[in-house]
Amino acid sequence: MLRPRNVDEVAAALTFARDQDVPLAVRSGGHGISGRSTNDGGIVIDVSQLSAIEVLSEEKRLVRVEAGARWKDVAAALAPHGWALSSGDYGGVGVGGLATAGGIGWLAREHGLTIDRMRAAELVLADGSRIRADAEENADLFWAVRGAGANFGVVTAFEFEVDQVGMVGFGQFVLDASDGATLLERWGAAMEAAPRDVTTNLIMGPPRRGRALAQIYGVVDSAEPDTIIERFTPIAGVAPLLDQQVQLVPYEGVMNVPDAPHDGQGEPAVRSGLIDHLTPEFAAAAARLISSGTVYFFQVRSVGGAVSDVPPDATAYSHRAASFSVVAFGGSKALLDRAWDELAPHFRGLYLSFETDQRPERLGEAWPPATLARLRELKRRYDPDNVFRDNFNII
Ligand SMILES: Cc1cc2nc3c(=O)[nH]c(=O)nc-3n(C[C@H](O)[C@H](O)[C@H](O)COP(=O)(O)OP(=O)(O)OC[C@H]3O[C@@H](n4cnc5c(N)ncnc54)[C@H](O)[C@@H]3O)c2cc1C
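Thresholds, definitions, all that
- Residues numbered from 1 in each chain as written.
- Predicted model: local features only at pLDDT ≥ 70, side-chain atom pairs only at ≥ 80, totals over all residues.
- Heavy atoms only, no water.
- Phe/Tyr/Trp six-rings, centres within 6.5 Å; stacked < 30°, edge-to-face > 60°.
- Buried < 20%, exposed > 50% of the residue type's maximum accessible area, 1.4 Å probe, protein only.
- Helix = DSSP H or I, 4+ residues; strand = E, 2+ residues; numbered from the N terminus.
- Lys NZ or Arg CZ within 6 Å of the ring centre and 35° of its normal.
- Pairing = 2+ DSSP bridges.
- Axes fitted to C-alpha atoms, helices over the stretch in contact; angles between N-to-C directions.
- Contact = heavy atoms within 4.5 Å.
- Polar contact = N/O pair within 3.5 Å; in protein donor to acceptor, adjacent residues only side chain to side chain.

Hey, could you run me through the packing of aromatic side chains in this one?
For any pair of aromatic rings, the description consists of the separation of the ring centres together with the inter-plane angle of the planes. Under the criterion given, the structure shown has 12 aromatic pairs. Considering the side-chain rings of Y351 and F354, the 5.3 Å spacing of their centres and the 80° angle between planes classify their relative orientation as edge-to-face. Side by side, Y351 and F354 carry an identical accessibility label, which is buried. Both rings, one in W367 and one in F392, keep their centres 6.1 Å apart while their planes meet at 85°; by these two values the pair is edge-to-face. Taken together, the residues W367 in the loop between helix 12 (361–366) and helix 13 (369–382) and F392 in the segment after helix 13 connect sequence positions 25 residues apart. When sorted by exposure, W367 lands in the same class as F392, which is buried. A network of ring pairs unites the aromatic residues W71, F158 and F160 as a single cluster. Positioned above the aromatic ring of F142, the side-chain terminus of R146 is 3.8 Å from the ring centre. A cation sits over an aromatic face here: R374 above W143, 3.9 Å from the ring centre.

Next up, the structure:
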């Protein structure tokens, strides 16, 4: 494990790693679900010591964040300015892994993905050169970093234009999921009809003690209790409501989770799918899968809204038409893969941060053909020796 303390040391670590004939992984927060930021007998370049967060322009709300910071630290640093950056639902996740893949967060429908607020990235490339990528300089790499960053270099820092966000409504609801298919379909329809200031996620699992339950968590970007209640009411009403809690909290409070050590070990079997709408056919198939016991955690996150405003070719995250990101955790990889194959026709693609399967077909699901072709051309140009291959290797 190499833990560089500055960009020069990142470049030196990379030069050293390239000289060894062993696997190379890059790690920021160590929170990668697929366990790709660790390896067996190889080298890990861990940039967690590069974690500074700095305001570059108050007026433009421009912030520079080093890759090793965690999202809860970013939220805490932005809060005194009345700002936030949508970055995920868990503050313990590292900046580097999430901001090179997409970033589906609590403010996604209103402010887009984390990468949509990115204005520049600083990288150490495979040949050791240090570059800045933005809309004018190295624009092709800037495009690639936003959705396929892990293939192109070690990102040491990002610049983001953040949003004005103060107090938000954070809601947690428990619903009766005896009719799981109807619940899924209704929640999907309620989310698609909802104003953009609300983003919620739905969690389901196999029945416990004979009872099927669903949990909905979400944020309304408003400090007005009436607006918060108005937004949550149709969403919490998609099935019989058993318990509820709604709080008015700073966005920073939602992201402030207890510290838990993460060393990139990942999860045993997680599959991902991006889907445009929760159709009756998908809802029925998903409900059958959930009640089968093959998955112990099934989550649907809202995307859509501002995420879908961005043209599919504007960044390497191209599945812009998807309104939902679906994730399933299973105890058995074989059983989960078989079940996921059956659901596959419903999906338009996958989100690489939530996928553990390493079969080559997954590449074409992460990136549609035109995106993948452009990524392959850039990969040949910027990483001809395939140094960066730990995560959805573009070959
Ligand atoms: C509990 C939990 C909740 C999550 N919630 C969300 C969520 O709400 N929304 C969402 O979008 N994602 C979410 N994720 C997924 C998360 O975005 C990814 O797992 C992400 O890769 C984690 O970032 P990290 O830096 O902590 O990971 P790491 O394990 O450090 O890295 C993961 C991979 O990212 C790449 N990478 C890391 N750092 C760099 C770098 N500096 N330069 C280039 N490539 C790099 C590497 O390929 C590495 O293998 C969640 C994950 C967990 C475990």
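Now, onward.
Teacher, can you tell me more about the sheet that holds strand 6 (residues 118–124) here?
Working definition: the strands of a sheet are paired by backbone hydrogen bonds and lie parallel or antiparallel to each other. If you trace the 5 strands from one edge of the open sheet to the other, you get 3-4-8-6-7, paired in antiparallel fashion. Sheet topology places strand 3 (53–57) and strand 7 (130–134) at the edges, where each strand pairs with a single neighbour. Each neighbouring strand pair of the sheet contributes to a mean axis angle of 20°, computed without reference to strand direction. Sheet topology note: the strand 3/strand 4 (residues 62–66) ladder contains 4 bridges and is antiparallel. If you follow I53 over to strand 4, its bridge partner there is V65. Contacting strand 6, strand 7 and strand 8 (154–161), helix 1 (residues 7–19) runs over the sheet at an angle of about 50° to strand 6.

Where do I start with the side chain of D383 in this structure?
Inspection of the secondary structure puts D383 in the segment after helix 13. A polar side-chain atom of D383 sits 2.8 Å from the main-chain amide nitrogen of V387. Not counting the four nearest positions on each side in its chain, D383 is found in contact with A126, N151, L378 and F388.

By themselves, these are just geometric observations and shouldn't be taken as functional.
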